[in-house]
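Residue-level structural notes
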Amino acid sequence: MTLITLKDLEAHLWHAAHIITGPIDASDYKTYIFPILFFKRICDVYDEEFTEALAQVGDAELAKGDMFHRIKIPAECHWKQVFNQTKNIGQALNEAFRGIELANEHLHGIFGDAGWTNKERLSDELLGTLLNHFNKINLGVSNVRDDDMGRAYEYLIKRFADKANKKAGEFYTPRTIVRLMVNILDPKAGESVYDPACGTGGMLLETVHHVKENGGDPRLLKIRGQEKNLTTEAIARMNLFLHGMEDFDILRGDTLRHPKFIKNDKLETFDNVIANPPFSLNEWGYDLWQNDPYDRKKYGLAPKTNGDFSWVQHMFASLNDNGRMAVVLPHGVLFRGAAEGKIRTNLLKENRIEAIIGVASNLFYGTGIPACILVLRKQRPPDHQNHVLIINAEAIYTKGRAQNTLSVAQADQIYHIYQSQEQHGPDKAEEIEGVARWVALKEIEENDFNLNIARYVQKPLAEETITVEEALLDFKQKLTALEQAEQELEDILVKEGFEI
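Residues numbered from 1 in each chain as written. Predicted model: local features only at pLDDT ≥ 70, side-chain atom pairs only at ≥ 80, totals over all residues. Heavy atoms only, no water.

Observations concerning the overall build of the protein
- A tally of helices and strands in the protein yields 17 helices and eleven strands.
- For the protein, the spread of C-alpha atoms along the three principal axes comes to 100 × 70 × 45 Å.
- Considering the protein as a whole, with its 500 residues, one finds that 52% of them fall into the buried category.
- The long-range share in the protein, meaning contacts at least 24 apart out of those at least 6 apart in sequence, stands at 75%.
- A total accessible area of about 24,200 Å² is found for the protein, and carbon and sulfur atoms account for 49% of it.
- Each charge sign in the protein was given a centre, from 57 positive and 74 negative side chains, and these centres are 4 Å apart. (Helix = DSSP H or I, 4+ residues; strand = E, 2+ residues; numbered from the N terminus. Buried < 20%, exposed > 50% of the residue type's maximum accessible area, 1.4 Å probe, protein only. Contact = heavy atoms within 4.5 Å. Areas by Shrake-Rupley, 256 points an atom, 1.4 Å probe, with all protein chains shown as cover. Lys, Arg positive; Asp, Glu negative; His and termini not counted. Charge placed at Lys NZ, Arg CZ, Asp CG, Glu CD.)

If you want it as structure tokens, here you go:
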């Protein structure tokens, strides 16, 4: 069997979205396409495993045994059974999905809760066309490797986000921003990684790619994530499965109100914590945090109508003794006062904030406001104490018509600035004028613990120099334009009967 190229696979999967365009809104593509893609993949893999087992044991019933299969597919729930249906296809899909979930405890809820039986949106004809499209290619491992399957899945998530645009912010963070954050954390094989607002799992998957690119075995990563939205949480789990990951746990729930990763009535702690939480949440659980049982308001209680610093504190409380974290937040966290100012001050005084990186505006779906990346560590090197590395990377981006972007090369450029400054430390690193410098805590204190990047790292204003000849020419042109405008005004006034 010939391997399908990644490009051909991506094109085939993207065409599936065109089939449901019309009855299904772009922001809902993921709700319908991903469960069917996952369903086809696991059934084709099951068939491969069955063929290999049959060759080994020579008995069809034995070859169906659980020991030969990662995922159990009851006979009545197999792709072939649903594909052969011509009526009530939505109902058949529903029953197959639930049957597979019941047979595999670790897949509970993975197919989401899409309205497959709503024939006004999904007629039998439409679903038949969609299934027929997926049936054209075999998605078994011998045809589509785990890595390509995962990459194609990520490609679809990106395309769906592009289509959905403003509604995409809740589940998708630009991959290059994620790459920058993961490079900073530098997770290693054998370490744990946690994302408390994991969306479709992009940040967790980037840690997998990072470990692999650096020669480690990503299967040794311990991956954990929590996500509030049912569909998005299911997609994250599919995403990790399709990348061949095994040691992962994605749980659904409201992280700030009801964190799921608890051990002995305390928050579980991790080596790496990474997130792009929803910006400035209005209703985030303020009342519950008044008496938070997990000691997450150690540095202060975030304002009732803005949860940014509750995410920071939840993430910091989830770090183990050598843990580090990176979080994307709006610039306001750097300078807002009152309760947020108190939390920021306490974190700074305890030497928890290692670095702040300001990135360009309009890089994220759903918001044009500029964002920053905060890097915190439980333990900082002695020579880094009482300093914060501030990087102004707002000029490093590619301008776009509707959305600015950050290329891989640009993300790596920012990372190399960070890496160089970190390696040399406050004593030896050379300031990059207008871009990066280590700022002493004393200077920050003199600014009332305000971390507004422009206070510390600002591009120098270039002086405009022009010759006398250029200045005279400019003056003459402006004088001519002024005289012309005056004449036009005079003509209009005369025409309207005014005396000049």
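That shown, we press on.
Observations concerning a nonpolar patch on the surface
- Together, Phe475, Leu479 and Leu482 make up a nonpolar patch on the protein surface, roughly 290 Å² of accessible area in all.
- Under the relative-accessibility criterion, Leu479 is labelled partly exposed at 36%. (Patch = residues over 30% accessible without salt bridge, like charges linked within 9 Å, V, L, I, M, F, W, Y side chains within 5 Å. Salt bridge = Lys/Arg side-chain N within 4 Å of Asp/Glu carboxyl O.)

Re a negative patch on the surface
- Taken together, the side chains of Glu483, Glu486, Glu488, Glu490 and Asp491 make up a negatively charged region of the molecular surface.
- With respect to the helices and strands, Glu483 occurs in helix H17 (residues 468–495).

Thoughts on the pairing of strand E2 (residues 222–227)
- With five of six residues buried, E2 lies mostly within the body of the structure.
- Bridge count for strand E1 (residues 192–195) against E2 is four bridges, and the pairing is parallel. In the sheet register, Tyr194 faces E2, and the bridge partner there is Arg224.
- A crossover links E1 with its parallel partner E2, the connecting element being helix H9 (residues 202–213), and its sense is right-handed.
- For E2 and strand E3 (residues 248–252), the ladder comprises five bridges, and the chain directions are parallel. (Pairing = 2+ DSSP bridges. Right-handed = clockwise from strand over helix to strand, strands pointing away.)

Structural notes on the pattern of salt bridges
- Taken as a whole and judged by the stated rule, the model has 25 salt bridges.
- For Asp308, the salt bridge is made with Arg336, and the minimal N-O distance between the two is 2.8 Å. With Asp308 in helix H12 (residues 308–317) and Arg336 in the loop between strand E7 (319–330) and helix H13 (338–349), this pair connects stretches of sequence that are 28 residues apart.
- Connected through shared salt-bridge partners, Glu154, Arg175 and Glu206 make up one network.

Looking at helix H14 (residues 408–428)
- End to end, H14 covers 28 Å across 21 residues, agreeing with the expected 30 Å (1.5 Å per residue, within 8%).
- Along its length, H14 reaches its greatest deviation from straightness, about 55°, at Glu422, and the proline Pro426 lies no more than four positions downstream.
- Buried residues along H14 sit against helix H8 (175–185), strand E8 (353–359), strand E9 (371–377), strand E10 (387–393) and strand E11 (436–440). (Expected span 1.5 Å × (residues − 1). Bend = angle between axes of the 7 residues up to and from the residue.)

Observations regarding the sheet that holds E10
- One open sheet holds the nine strands; their spatial order is E3-E2-E1-E6-E7-E9-E8-E10-E11, and the pairing between them is mixed. Two strands in the sheet have a free side with no partner beyond their single neighbour: E3 and E11. Ignoring strand direction, the axes of neighbouring strands in this sheet form an average angle of 15°.
- Of the strand pairs in this sheet, E7 and E9 are connected by seven bridges, and their pairing is antiparallel. Considered in E9, the bridge of Leu329 is made with Cys372.
- Together, E2 and E3 form the strand contacts of helix H10 (residues 230–242), whose direction differs from that of E3 by roughly 170°. (Axes fitted to C-alpha atoms, helices over the stretch in contact; angles between N-to-C directions.)

Focus on the side chain of Glu227
- For Glu227, the position within the fold is in strand E2.
- Once residues lying within four places of it in the same chain are set aside, the contact partners of Glu227 are Ala197, Cys198, Gly199, Thr232, Glu233, Leu251, Arg252 and Gly253.

What about the packing of aromatic side chains?
- For the structure shown, the criterion picks out 18 aromatic pairs.
- Look at Phe34 and Tyr153: their rings are 4.4 Å apart centre to centre, the planes differ by 40°, and that puts the pair in the tilted class. Here Phe34, found in helix H2 (residues 29–57), pairs with Tyr153, found in helix H7 (residues 146–164); they are 119 residues apart in sequence, far enough to count as distant. Both residues of the pair, Phe34 and Tyr153, count as buried. (Phe/Tyr/Trp six-rings, centres within 6.5 Å; stacked < 30°, edge-to-face > 60°.)

In short, the description is geometric, and any link to function would need to be established separately.
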